[in-house]
Amino acid sequence: MKKMLSVAGVALLTALTAVFAFGQPAQAATGFSVSNGRLYDANGTEFVMRGVNHAHTWYPQQTSSFANIKALGANTVRVVLATGDRWTKNSAADVANVISLCKANRLICVLEAHDTTGYGEDGAATTLAKATDYWLSIADVLKGQEKYVIVNIGNEPFGNQGYSAWTTDTSNAIKRLRAGGLTHTIMVDGPNWGQDWSFTMRDNAGTVFNADPQRNTVFSIHMYGVFDTAAEISDYLGRFRSAGLPIVVGEFGFNHSDGNPDEDSIMSYAQANRIGYLGWSWSGNGGGVEYLDMTTGFNPAQLTSWGQRIFAGANGITATSREASVYSGSSPSPTTSPTPTTSPSPTAPPTSSPSPTAPPTTTPPPTGGCTASYTVVNSWQGGFQGDIKVTAGSAAINGWTAKWTFANGQTVSQSWNATVSNSGSAYTARNVDYNGRLGAGASTTFGFIASWNGTNATPAVTCTAS
């Protein structure tokens, strides 16, 4: 998010299939690590970020915000810092104090350098190389904090010009941080004011991941007006999941000057797929985007409508956040997913009013088996988005197969989070590598885009566990 500026309006590009090539990530011994597209804390427990952004560099006196953010249930705070290239530099001592505040309040600290925002388009912005210089200059206060700190190299490091350099510049920054002795999980933002409408990050994430000798990099997408439909949101995030690459929503809001982001779908899809999200922002916005404040005047007793939504609403922070196990010494239960209200899908043009959502149909599971429920979550002239939720029975399963038969000539054209095949109107969906193993009672969701004409009856779905 740009302070005192709004995200530039952009045109969406047609989604192209991304092919990522990457090796097996290596486990870091002392802090957070990445494996098979998931983030794990130092105890080896999966960690899903649920938190907010806090503009510390502009409001350094608001140190009580860390406790207040934690009190509302967050497990992570993304902290705005400055390198000194645009805004007053946060000193090593100040960063050390920020880390201590995070630890005292049992929060994971995502530290980000904000001066890179919109480089190439905003003349005041600085480079990722300069941001890397900053991190190396304060390396002494970062080292030893790998259990509690994630380093977000540079906020929204390119605007809508010059972003073709994102892959090389990001890869070089990661290599320099590693050469400088930083072993933390690294987070990298997309270009295009963070929204990656050009799909530069999406299509080159594998290259950047492989540039990290530790294979310990997480990708961060910022979702504002570019992501105003469930289809766009789930297509983008779903491609990272299918590629086995770690993705978080590092910023998002409920409204913006460049369009109306679909915050319900962002939060629903993130919860259903165990993807982290960090809303923008706790308080202190200006330049016409004051509506993105979650609190009035940093007062946690005065939550705005956006604050109420992200903390207390469906799939919100209070209900879904789980504290990092490094603070408790135990392994908390993984975040479970309530039935999503919207879910994955490749980009589709819902130009007409959606049809009413059909009620899910569920088959009872045998002991140790699984159920499958089918839901139409969006519909437009000639097409619709369907979701199928698979839930394990009373015992853990290692894999699953869902089957259904369309009665009205519907045809699936795209799918995600499952391998889908058909013989005429009979369809079969099998789990992919990362979502086959389910604990007792645990769920996963896959989805598809399909065509329909005239009638779109809901089929019964069977589920077989293995």
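Every value quoted in this text rests on a predicted model; they were computed, and no experiment measured them.

A word on the packing of aromatic side chains. The tally for this structure, following the rule as stated, stands at 27 aromatic pairs. On the numbers, 5.4 Å between centres and 35° between planes, the contact of Y236 with F240 is tilted. Of this pair, Y236 and F240 both sit in helix α7 (residues 230-243), four residues apart, roughly one helical turn. In terms of burial, Y236 and F240 fall into one category: buried. Through a chain of ring-to-ring contacts, the aromatic side chains of Y374, F384, W400, W404, F406, Y427, F446 and F448 assemble into a single cluster.

Before going further, it helps to spend a moment on the state of the cysteines. Evaluation of the coordinates by the stated rule reveals two disulfides. Across a sulfur-sulfur distance of 1.9 Å, C102 and C109 are joined as a disulfide pair. On the sign convention where negative is left-handed, the bridge of C102 and C109, at about 70° about the S-S bond, is right-handed. By relative accessible area, C109 is classed as buried at 0%. Covalently, C370 is tied to C463 through a disulfide, its sulfur atoms 2.0 Å apart. Taking the torsion about the S-S bond as the criterion, the C370 to C463 disulfide, at about -100°, is left-handed. With a gap of 93 residues between them, C370 in strand β14 (residues 370-380) and C463 in strand β21 (residues 461-465) connect regions that are remote in the sequence. In the protein, the cysteines engaged in disulfides, taken in order along the sequence, are linked 1-2, 3-4.

To continue, consider the pairing of strand β8 (residues 217-223). For β8, a buried count of seven out of seven residues is recorded, marking the element as mostly surrounded by other parts of the structure. Alternating residues of β8 divide into T217, F219, I221 and M223 and V218, S220 and H222, and every residue in both groups is buried. Bridging between strand β7 (residues 186-189) and β8 involves four bridges; their strand directions are parallel. In the sheet register, I186 faces β8, and the bridge partner there is T217. The β-α-β motif built from β7, the intervening helix α6 (residues 200-211) and the parallel element β8 has right-handed crossover chirality.

Before going further, it helps to examine the sheet that holds strand β16 (residues 400-405). Reading across the sheet, the four strands line up as β18-β19-β16-β21 and stay open at both edges, with antiparallel pairing between neighbours. Each of the sheet's edge strands pairs with one partner strand only, and the pair in question is β18 (419-423) and β21. Strand-to-strand twist of the sheet, defined as the mean angle between neighbouring strand axes without regard to direction, takes the value 20°.

Here we come to the sheet that holds β8. If you walk around this closed barrel you meet the eight strands as β3-β4-β5-β6-β7-β8-β9-β10, and the pairing is parallel. Strand-to-strand twist in this sheet, taken as the mean axis angle between neighbours without regard to direction, amounts to 25°. Across the sheet, helix α3 (residues 128-137) lies against β4 (76-81), β5 (108-113) and β6 (149-152), angled at about 135° from β5, the strand it touches most. Sitting on the sheet, helix α5 (residues 166-179) touches β7 and β8, and the angle it makes with β7 is about 160°.

Within the secondary structure, H222 sits in strand β8. At 2.7 Å, the side chain of H222 and the side chain of E156 are in polar contact. One polar contact links H222 to D189, side chain to side chain, over a distance of 3.3 Å.

About the thresholds
- Residues numbered from 1 in each chain as written.
- Predicted model: local features only at pLDDT ≥ 70, side-chain atom pairs only at ≥ 80, totals over all residues.
- Heavy atoms only, no water.
- Phe/Tyr/Trp six-rings, centres within 6.5 Å; stacked < 30°, edge-to-face > 60°.
- Helix = DSSP H or I, 4+ residues; strand = E, 2+ residues; numbered from the N terminus.
- Buried < 20%, exposed > 50% of the residue type's maximum accessible area, 1.4 Å probe, protein only.
- Disulfide = S-S within 2.5 Å.
- Pairing = 2+ DSSP bridges.
- Right-handed = clockwise from strand over helix to strand, strands pointing away.
- Axes fitted to C-alpha atoms, helices over the stretch in contact; angles between N-to-C directions.
- Contact = heavy atoms within 4.5 Å.
- Polar contact = N/O pair within 3.5 Å; in protein donor to acceptor, adjacent residues only side chain to side chain.

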